[in-house]
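Okay, here's what each chain looks like letter by letter:
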Amino acid sequence: KQWYQRRVRGHDLKDLGYGDVVELAFQDYFHNDGRVGRRIVDGYLVVTQIGVCSIYFILISENIKAVVENYYSDFVINLKVYIVVVLVFIMLTSFIWSMKTLAILSMLGNISIFTGITLVLAYVLLHMDWKEDTSDLIIGRVRSLPIFLGMAIYSFEGIGLNLPLRSEMLEPEKFPYV
């Protein structure tokens, strides 16, 4: 943080993103040509966002498909249809520009996640056979590794927003941990 504040003096903080910061940092090592660093960071951010969104759409669609097929066993639709429906719904939410509306949606999402985790943990704890030997339990299958990696990357999905968010704050000193 101190290097960032020292190095960006003379630059407009509102315009700096990750690519800009890395370009400034690379100028020290590549003799005033930090564009290489900017391209690398911007490329990684794009690849990360595409990967996260892809896994997110697949994960949501698989879960909706499982619930629908559980309650309506005769209603079988290809997973790709569910993915398209989820994609359209999420694209529609991207047209919401009001921070107040987004805050409400974010709060509802956080409540839903907390409720879901609580219900899953309660179910597992209430229905677990505590006397069963689990020493030979298989951890996972190789074919599910891409989904696991996507979910692990998803947990870091918001990291690309920290610096731009801080740059857009009117009073960033009131939020020292952002």
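Look above for the structure.
All chains use their own residue numbering, which begins from 1 and follows the written sequence. Reporting of local features is limited, given that this is a predicted model, to residues whose pLDDT is at least 70; pairs of side-chain atoms are given and counted only at 80 or more, and all residues count toward the totals for whole chains, interfaces and linings. Side-chain calculation: all heavy atoms of the structure are included, whereas hydrogens and water are not.

Chemist: Is there a simple way to think about the side chain of Ser61 in this case?
Modeler: Working definition: helices are DSSP H or I runs of at least four residues, strands are E runs of at least two. Numbering for both runs from the N terminus. With respect to the helices and strands, Ser61 occurs in helix α3 (residues 35–71). Residues are treated as being in contact if the distance between any of their heavy atoms lies within 4.5 Å. Other than its neighbours up to four places away in sequence, Ser61 contacts Leu79, Tyr82, Ile83 and Val86.

Chemist: I tried to follow the pattern of salt bridges on my own but got confused; where do I start?
Modeler: Salt bridge criterion: a side-chain nitrogen from Lys or Arg within 4 Å of a carboxyl oxygen from Asp or Glu. Summed over the entire model, instances satisfying the criterion amount to one salt bridge. For Glu69, the salt bridge identified is with Lys65, shortest N-O distance 2.5 Å. Here Glu69 and its partner Lys65 are both found in helix α3, four residues apart, which amounts to about one turn of the helix. Given a relative accessible area of 25%, Glu69 falls into the partly exposed group. Each residue gets one of three labels from its accessible area relative to the maximum for its type: buried under 20%, exposed over 50%, partly exposed in between, using a 1.4 Å probe on protein chains only.

Chemist: Hey, could you run me through a nonpolar patch on the surface in this one?
Modeler: Each patch is built from salt-bridge-free residues with over 30% relative accessible area, joining like charges within 9 Å and nonpolar side chains (Val, Leu, Ile, Met, Phe, Trp, Tyr) within 5 Å. Computed with the Shrake-Rupley method and a 1.4 Å probe, the accessible areas treat only the protein chains shown as cover for residues. There is a patch of nonpolar side chains on the surface, built from Met99, Leu102, Ile104, Leu105, Met107, Leu108 and Ile111 and spanning about 660 Å² of accessible area. Mapped onto the fold, Ile111 is located in helix α5 (residues 99–127). For Ile111, a relative accessible area of 45% puts it in the partly exposed group.

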